[in-house]
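Given next are the chains, with one letter for each unit.
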Amino acid sequence: MIKKSTAEGVGSSGLSTPSPDHTMLMEKRNTTWRLILNLAVLLCFLLFLAWMNTGGREKRSIPALRAGETPELCRVTSQRDIYEVYKRRGLRGARVVQVNRFLNMVDYFPREEVRSAPFPLRTGDVRPLYEKGLDAHNWLFIAAMTGMVRSVVVVLPEEVFRERREAFKAVFHSASDQSMKGYTYDVPMLVATLNDMPTVNEPVVVNVDAGFFLGPADPVAVARMLKERCPDVRLIVLVSSDDEPDVTPGVKESLGRFESAWRAL
Amino acid sequence: MLRKAAANHHVVLWGFCILSFLLRCYDLSAQPATDDDAGMASSATNYLLSGMFGQIMQYHPPLRNLLVYLSGKIFGAYSAWGLKGPAVLTGSLTVPVVGYLAYSLFGNKRIAYLSAFFLCVDPLHINASRQVIQEASTTFFISLGILASVHGIRKDRIVWLYLSGAFFGLAAASKWHGLFPWAVSAGAYLAYPYFKPLAEGGRYPLARILTFTAAYVAIPIAVYTAAYIPWLDRGHSLAEFLGLQLSLVKYQYLHKGTEYNEFMVPKRAYQWFLWPVPWFDFAFVQGRASVGIAMGNFLVWGLTLPSLYYCIRTWFREKRFELGYVIALFLAAYLPMVLTTRGIWVLLATPTILLAFILSAYALSGLIDAGRISRRLLASYVVVVVMLSAVMYPMSIFKALDYPWTKALAELYTPHRGEVK
């Protein structure tokens with residue numbers, strides 16, 4: 001292209017330097033070529049972002065529902081057992097709505113992962129190491145680490161939320177009196193009361209713990225409101241939390257009433 | 001023949017590269033892996049396996065995981081080379097790149113040689129280039145990004161500008177230090193026609209803005225985001241990715257080191273060029289303790305602030321774009337570190353020192369040209385710098401406990417200081 005322009009320049013002016021008209025023409029061509037290239041780069045960039053966005057979403061695995069089918073309802077006796085329920089159903093990248101008075105996001109990191117050794121260092125899949133440390137208060141964190149859960153909405157009773165609000169404000173990057181938004185490690189989290197929880201417009205897995213009803217919460221109202229806030233529930237796990245000393249038989253009865261109300265909806 | 005070789009800057013700069021490589025890989029297998037190194041090996045494997053960030057420095061972007069994983073595959077295992085290969089390689093290659101950068105900026109071999117030499121023998125850079133941490137690769141990609149920017153901005157060459165964007169994307173995907181030179185270079189590209197009104201492409205501001213958007217916005221963001229693909233594959237959306245970046249801003253701002261690093265190790269960036277500041281790493285493998293001390297050669301580091309003063313004064317006199325660009329790059333890399341309230345340890349100086357060294361080399365060269373200092377004095381200074389770096393070398397390669405003069409420094413900062421023996 002450069003050779004051609006020189007030849008044209010010589011031809012038109014008879015001199016070894018191109019004419020001003022010719023230079024302007026070449027510059028214009030060059031500018032057009034750049035414009036096209038830049039637009040192509042920007043278009044590729046937008047396509048790349050779109051591909052990234054859908055690519056991630058397509059990797060999610062969450063129980064499917066046929067039209068008119070109700071979501072599966074499971075009962076377990078400890079928060080810890082929910083992990084196994086998820087694992088058996090092959091959950092991946094799920095959004096979880098956790099209705100409890102605890103976050104169940106206590107962090108856990110196996111020491112073996114960062115222990116020095118002579119060369120060559122041996123590494124492998126660390127997910128089993130995380131699973132070894134599973135308990136009722138860290139299972140949700142571990143489920144997030146192992147990839148089954150990607151995002152968590154924690155619904156706390158009003159009185160618990162009020163009590164812990166100030167402590168949350170120090171941790172979450174977006175905090176108001178109604179809800180806390182932020183990340184725990186790399187897990188997007190929203191903490192709110194049921195009244196202030198926004199509607200979740202994507203398929204979710206819901207866990208309801210008996211401990212949520214330790215306060216004045218009405219199980220029937222909770223079921224109704226939860227259904228409104230989470231229109232697309234794919235799996236619901238009810239937890240009687242037998243391993244929590246303050247969960248009394250009366251509280252477990254409330255969980256039973258929640259179950260009846262949920263089924264009736 | 002030596003004189004002929006010295007006149008060819010390619011020969012000299014690649015000679016520095018070989019020397020850098022030797023200094024950075026000498027006895028590499030004998031340097032034990034720290035707990036952090038082990039954690040980073042595991043992070044690399046698991047990031048590729050399941051998108052998990054791992055425990056060590058999970059708040060930094062994940063390009064390190066990709067580089068370490070690739071290196072592990074190339075060397076067949078996480079041997080010393082498999083693990084630290086990317087750091088050794090990028091650390092060694094940064095030296096000639098910095099030389100080429102200085103040469104491209106000022107067209108002066110003395111400045112190029114001095115810049116490359118300062119980095120080649122800097123004990124802190126040697127230390128950083130022998131660990132898995134991302135300091136060496138960040139600095140490497142930053143220097144490549146600036147070099148490509150210089151070529152791209154001067155001639156408005158689109159391929160160089162795109163390359164620059166890609167390198168800044170890689171730098172930022174290694175560590176956020178890459179954001180500062182990226183921003184300055186993007187600004188420099190937009191500002192260049194105002195400094196040089198006859199610059200190529202300067203007559204088409206809209207075309208320039210479009211090139212700017214493609215080269216300094218789209219390409220670096222695409223490269224940066226691509227490093228997160230294994231994480232996005234966990235089911236995350238781009239909105240969640242953006243949210244993560246915002247949460248990391250807060251995390252970085254509030255980050256606290258271990259109790260030892262917070263209370264016993266100097267942690268303010270203003271100290272870097274005023275007096276010698278150390279950083280410590282410990283390893284305890286098979287019953288043997290090793291201590292690595294990262295500390296700059298203060299004979300070089302101490303020149304930074306006077307050189308900055310000299311360069312700023314010169315810039316006000318000459319208004320030379322290239323000098324202003326380096327000053328802006330240095331200030332943009334250094335001032336945020338100085339002004340932040342969180343702890344900033346000296347190992348974080350790695351991406352800043354390459355710019356400090358170019359400024360110092362420029363000042364020294366200017367003083368020689370002005371006849372203020374003699375060539376003989378410069379030669380003597382270079383010899384003393386080499387001697388001090390040689391004395392400090394055992395600290396950089398985790399042999400601080402093996403030599404009495406480095407052991408004394410290690411004991412001064414021992415975590416067990418004050419304990420009853």
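Note that this is a predicted model, so its numbers are computed, not measured.

What follows deals with the overall build of chain B. Helix and strand counts for chain B stand at 20 helices and 2 strands. Relative to its length of 421 residues, chain B is compact, with a C-alpha radius of gyration of 21 Å against a globular reference of 22 Å. With the C-alpha coordinates aligned to their principal axes, the bounding extent of chain B is approximately 70 × 60 × 45 Å. For chain B, the residues scored as buried account for 62% of the 421 residues in total. Within chain B, residue pairs in contact and separated by at least 24 positions form 74% of the contacts whose partners lie at least 6 positions apart. Taken as a whole, chain B presents about 16600 Å² of accessible surface, with 69% of it coming from carbon and sulfur. Charge separation in chain B, taken as the distance between the mean sites of 34 positive and 19 negative side-chain charges, equals 11 Å.

To continue, consider the pattern of salt bridges. For the coordinates displayed, the defined rule picks out 25 salt bridges over all chains. A salt bridge links A:Arg75 to A:Glu259; its shortest N-O distance comes to 2.8 Å. In this pair, A:Arg75 sits in strand S1 (residues 72-76) while A:Glu259 sits in helix H8 (residues 249-264), placing the two residues 184 residues apart along the sequence. Taking relative accessible area as the criterion, A:Arg75 reaches 45% and is therefore assigned partly exposed. Taking the shortest distance from any N to any O, the salt bridge between A:Arg111 and B:Asp35 comes out at 3.2 Å. With A:Arg111 in the loop between strand S2 (94-99) and helix H4 (127-132) and B:Asp35 in helix H3 (residues 35-50), the pair connects residues from two separate chains.

Let us now look at the interface of chain B and chain A. Listed as interface residues are 62 residues of chain B and, on the opposing side, 56 residues of chain A. Together, the buried faces of chain B and chain A total about 4800 Å²; carbon and sulfur atoms form 61% of this surface. Linking chain B to chain A there are 4 salt bridges. For the salt bridge of A:Arg150 with B:Glu240, the shortest nitrogen-to-oxygen distance reads 2.8 Å. The tally of links between chain B and chain A comes to 26 residue pairs in polar contact (both at pLDDT 80 or more).

For the rest of this paragraph, the subject is the packing of helix H2 (residues 20-58) of chain A against helix H11 (residues 205-226) of chain B. The contact between H2(A) and H11(B) brings their axes to 9 Å, and the two run at 30°. Regarding the angle of H2(A) to H11(B), the classification is roughly parallel. Here H2(A) and H11(B) pass one another in a crossing that is left-handed. Packed against H2(A), whose contacting residues are A:Thr31, A:Arg34, A:Leu35, A:Asn38, A:Leu39, A:Val41, A:Leu42, A:Phe45, A:Phe48 and A:Met52, the element H11(B) presents B:Ala207, B:Leu210, B:Thr211, B:Thr213, B:Ala214, B:Ala218, B:Ile219, B:Ile221, B:Ala222, B:Thr225 and B:Ala226 at the interface.

This part is about the nonpolar core. With 183 residues, the main nonpolar core has A:Tyr86, A:Val191, B:Tyr216, B:Tyr228, B:Trp272 and B:Trp301 as its most contacted residues. Ranked by the residues each element gives to this core, the list is headed by helix H18 (residues 350-369) of chain B, at 12 residues. Contacts of B:Trp272, omitting those with residues within four sequence positions, involve B:Val277, B:Phe298, B:Trp301, B:Tyr334, B:Met337, B:Ile344, B:Trp345, B:Val346, B:Leu348, B:Ala349 and B:Thr352.

This brings us to helix H7 (residues 219-229) of chain A. Listing the buried residues of H7(A) in full gives A:Pro219, A:Val222, A:Ala223, A:Leu226 and A:Arg229. Across the axial projection of H7(A), the buried residues extend over an arc of 135°, all falling on one side.

Turning our eyes to something else, we now look at helix H20 (residues 404-412) of chain B. Helical periodicity: at 3.6 residues per turn, an α-helix aligns residues three or four positions apart in one direction. Residues and elements named next belong to chain B. Along H20, the residues that are buried comprise Thr406, Leu409 and Ala410. Within H20, the buried residues cover an arc of 100° as seen down the axis, which keeps them to one side. Considering only its buried residues, H20 is in contact with strand S1 (279-285), strand S2 (288-294) and helix H19 (375-396).

To continue, consider the pairing of S1(B). Residue and element names in this part refer to chain B. Within S1, 5 of the 7 residues are buried, leaving the element largely enclosed by the surrounding structure. Relative to S2, S1 is paired through 7 bridges, and the arrangement is antiparallel. Its bridge partner lying in S2, Ala283 is registered against Ser290. As consecutive antiparallel partners, S1 and S2 are separated by 2 residues, and within that stretch Gln286 has a phi angle of approximately 50°, a positive value.

Procedures and definitions
- Residues numbered from 1 in each chain as written.
- Chains lettered and ligands numbered in written order.
- Predicted model: local features only at pLDDT ≥ 70, side-chain atom pairs only at ≥ 80, totals over all residues.
- Heavy atoms only, no water.
- Helix = DSSP H or I, 4+ residues; strand = E, 2+ residues; numbered from the N terminus.
- Rg over C-alpha atoms; globule rule 2.2 N^0.38 Å.
- Buried < 20%, exposed > 50% of the residue type's maximum accessible area, 1.4 Å probe, protein only.
- Contact = heavy atoms within 4.5 Å.
- Areas by Shrake-Rupley, 256 points an atom, 1.4 Å probe, with all protein chains shown as cover.
- Lys, Arg positive; Asp, Glu negative; His and termini not counted.
- Charge placed at Lys NZ, Arg CZ, Asp CG, Glu CD.
- Salt bridge = Lys/Arg side-chain N within 4 Å of Asp/Glu carboxyl O.
- Buried area = accessible area lost by both parts, 1.4 Å probe.
- Polar contact = N/O pair within 3.5 Å; in protein donor to acceptor, adjacent residues only side chain to side chain.
- Axes fitted to C-alpha atoms, helices over the stretch in contact; angles between N-to-C directions.
- Parallel < 35°, antiparallel > 145°, perpendicular 65-115°, else oblique.
- Left-handed = near helix turned anticlockwise from the far one by under 90°.
- Core = buried A, V, L, I, M, F, W, Y, C linked by side-chain atoms within 4.5 Å.
- Arc of directions from axis to C-beta.
- Pairing = 2+ DSSP bridges.

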